[in-house]
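Chain residues, written in single-letter form:
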Amino acid sequence: MESNIDTLLSRNAVSIIDLGSSIDNVAKNIRKALSEQGYALLINHEISNEKIKTSWEYFDRFVELPKEVKLSYERSKAPDAENHGYVSPGMERFDGRTPELRHAYNICKLQDAFLPEKELPGITNHINSLTDDFNALGRFILQALALSLDAPPSFFLDKHSYMLSDDRFNLTTLRMLYYPPVADEDHGNIIRCGAHADYCTFTLLAQDSEGGLEVKLRGSDKWERVGHLPGALFINCGETMAVWTDQLYHVQHRVVVPDEVDSRQRGRHSIAFFCHPDNSTLIDPKELKIPVMGTATHEIYNAYDISMALAKGAYGHNYS
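About the criteria used
- Residues numbered from 1 in each chain as written.
- Predicted model: local features only at pLDDT ≥ 70, side-chain atom pairs only at ≥ 80, totals over all residues.
- Heavy atoms only, no water.
- Pairing = 2+ DSSP bridges.
- Helix = DSSP H or I, 4+ residues; strand = E, 2+ residues; numbered from the N terminus.
- Axes fitted to C-alpha atoms, helices over the stretch in contact; angles between N-to-C directions.
- Parallel < 35°, antiparallel > 145°, perpendicular 65-115°, else oblique.
- Left-handed = near helix turned anticlockwise from the far one by under 90°.
- Contact = heavy atoms within 4.5 Å.
- Nonpolar A, V, L, I, M, F, W, Y, C, P; charged D, E, K, R; others polar.
- Buried < 20%, exposed > 50% of the residue type's maximum accessible area, 1.4 Å probe, protein only.
- Polar contact = N/O pair within 3.5 Å; in protein donor to acceptor, adjacent residues only side chain to side chain.
- Phe/Tyr/Trp six-rings, centres within 6.5 Å; stacked < 30°, edge-to-face > 60°.
- Lys NZ or Arg CZ within 6 Å of the ring centre and 35° of its normal.
- Expected span 1.5 Å × (residues − 1).
- Arc of directions from axis to C-beta.

### Regarding the sheet that holds strand β8 (residues 213-216)
Step number 1: Taken together, the four strands give an open sheet; going across it, the order is β6-β11-β8-β9, and neighbouring strands pair in antiparallel fashion. With partners counted over all chains shown, the strands left at the sheet margins are β6 (193-196) and β9 (223-225), one partner each. In this sheet, neighbouring strand axes are inclined to one another by 20° on average, regardless of whether the strands run parallel or antiparallel.
Step number 2: Strand direction decides the pairing type here: β6 and strand β11 (residues 253-255), joined by two bridges, are antiparallel. Paired with Cys 193 across the strands is Val 255, a residue of β11.

Shown next, in the form of structure tokens:
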């Protein structure tokens, strides 16, 4: 049973931030959680659980489609796409070598021409409604992040103008994920998602169960299971924010195959909102008045170049 699993949540070692409080209070709590732990759980975020569950139901139906149909929506097959589309098991490898057992659909374009509307009628309207909700929440969090770093509330907002509009201009992605059950004989030979830091400013993650999400504790090589708080969103910052804050906000995570038989023999669903700056945004830590750790380089890259360099490592084996 999940309640018997030793997790950070079960030991009260995860910050739980109530977004229903004032933005100044949210900013203070975000600063403490992300600088000390690298992650937190968010409650009262106003993202409908029913909308998230419906998204998973749509994706379950997509995964059941014939392989040739799914592959017709494969990542980057859409015209002018950078990241949009279906990612089949094994296509993405965070260490560049080990196949990873999951289905994913990166949503960066919202028109029905770029979504499986023909096979799944209604998915376009549903995804557009859900992305509106995540964009609204994302804008609130961007303001809180700015305040947490003693910057004007609009500091990040002004640099994230085109979220979930088109990945030619902004790589913000809503990602649907399904991790299939793992048979006993495969246990220990595969991974659901390899160790990595996300590429973006920050990530919001909803999951349907405790399915193996782990974080690497800051200042340590130890990995810990996070745990599952129904209805909460997990937040962590990505490599772009790590550059911006000179590593103040940064954490690695992974999804392992659980040792618990009941957990690994059922599928795991999650949905991630990867919030990126506009592609041309220059990521310069000197713009933020925070204590400098001395890790920042003198070279300044734009948001697109940072993300694409990281993506090349995860997807490069497909093109070698």
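### Digging into the packing of helix α1 (residues 23-36) against helix α4 (residues 123-148)
Step number 1: Running from N to C, α1 and α4 cross one another at 70°; their axes reach a closest spacing of 8 Å. Classified by the interaxial angle, the pair formed by α1 and α4 is roughly perpendicular. Relative to α4, α1 is oriented so that their crossing is right-handed. Note on element contacts: α4 touches α1 through Phe 140, Gln 143, Ala 144, Leu 145, Leu 147 and Ser 148, opposite Ile 23, Asp 24, Val 26, Ala 27, Ile 30, Arg 31 and Leu 34.
Step number 2: When its residues are assigned to classes, the contact of α1 with α4 shows nine nonpolar, two polar and two charged.

### Some words on the sheet that holds strand β4 (residues 103-107)
Step number 1: Sheet architecture is open: eight strands sit in the order β1-β2-β10-β7-β12-β5-β4-β3, paired in mixed fashion. Looking at strand neighbours, the two that pair on one side only are β1 (16-18) and β3 (85-87), the edges of this open sheet. Going from strand to strand, the sheet's axes swing by 25° on average, the running direction of each strand aside.
Step number 2: Of the strand pairs in this sheet, strand β7 (residues 202-207) and strand β12 (residues 268-275) are connected by six bridges, and their pairing is antiparallel. The residue bridging Leu 204 from the neighbouring strand is Phe 273, located in β12.
Step number 3: Against the sheet, α1 engages β1, β2 (39-43) and β10 (233-237), with an angle of about 165° to β1.
Step number 4: The strands that α4 touches are β2, β4, β5 (173-179), β7, β10 and β12; relative to β7, the one it contacts most, it runs at about 130°.

### Description of the side chain of His 276
Step number 1: By the element assignment, His 276 lies in the loop between β12 and β13 (282-283).
Step number 2: By relative accessible area, His 276 is classed as buried at 6%.
Step number 3: A distance of 3.3 Å separates polar atoms of two side chains, one belonging to His 276 and the other to Ser 307.
Step number 4: Filtering out sequence-adjacent residues up to four positions away, His 276 remains in contact with His 160, Met 163, Asn 170, Leu 171, Thr 172, Tyr 199, Cys 200, Thr 201 and Ser 307.

### Comments concerning the packing of aromatic side chains
Step number 1: Tallied over the entire structure, the rule returns eleven aromatic pairs.
Step number 2: With centroids separated by 5.2 Å and ring planes inclined at 80°, the aromatic side chains of Phe 62 and Tyr 105 adopt a geometry described as edge-to-face. Linking Phe 62 in helix α2 (residues 49-63) with Tyr 105 in strand β4, this pair joins segments that are 43 residues apart in sequence. In this structure, Phe 62 and Tyr 105 share a single accessibility class: buried.
Step number 3: Look at Phe 202 and Phe 273: their rings are 6.3 Å apart centre to centre, the planes differ by 55°, and that puts the pair in the tilted class. Of this pair, Phe 202 sits in strand β7 while Phe 273 sits in strand β12, and the two are 71 residues apart along the sequence.
Step number 4: Clustering of aromatic rings is evident, with ring pairs tying together Phe 59, Phe 62, Tyr 73, Tyr 86 and Tyr 105.
Step number 5: Its end group placed over the ring of Phe 114, Lys 109 keeps NZ or CZ at 5.4 Å from the ring centre.

### Overview of α2
Step number 1: Relative to the 21 Å expected for 15 residues at 1.5 Å per residue, α2 spans 21 Å between its end C-alpha atoms, a close match to the ideal helical length.
Step number 2: Taken residue by residue, α2 has Ile 52, Ser 55, Trp 56, Tyr 58, Phe 59, Phe 62 and Val 63 as its buried positions. When α2 is viewed along its axis, its buried side chains cluster within an angular range of 160° and face the same direction.
Step number 3: At the N-terminal boundary of α2, the capping side chain belongs to Ser 48, with an oxygen 3.2 Å from the backbone nitrogen of Glu 50.

### Some details on α4
Step number 1: Between the first and last C-alpha of α4 there are 36 Å, a value that for 26 residues agrees with the 38 Å anticipated at 1.5 Å per step.
Step number 2: Phi turns positive one or two residues past the end of α4, at Asp 150, with a value near 60°.

### Digging into the pairing of β12
Step number 1: Across the eight residues that make up β12, a large majority, eight, are buried.
Step number 2: Alternating residues of β12 divide into Arg 268, Ser 270, Ala 272 and Phe 274 and His 269, Ile 271, Phe 273 and Cys 275, and every residue in both groups is buried.
Step number 3: Note that β5 and β12 share seven bridges and pair antiparallel. In the sheet register, Leu 177 faces β12, and the bridge partner there is Ser 270.

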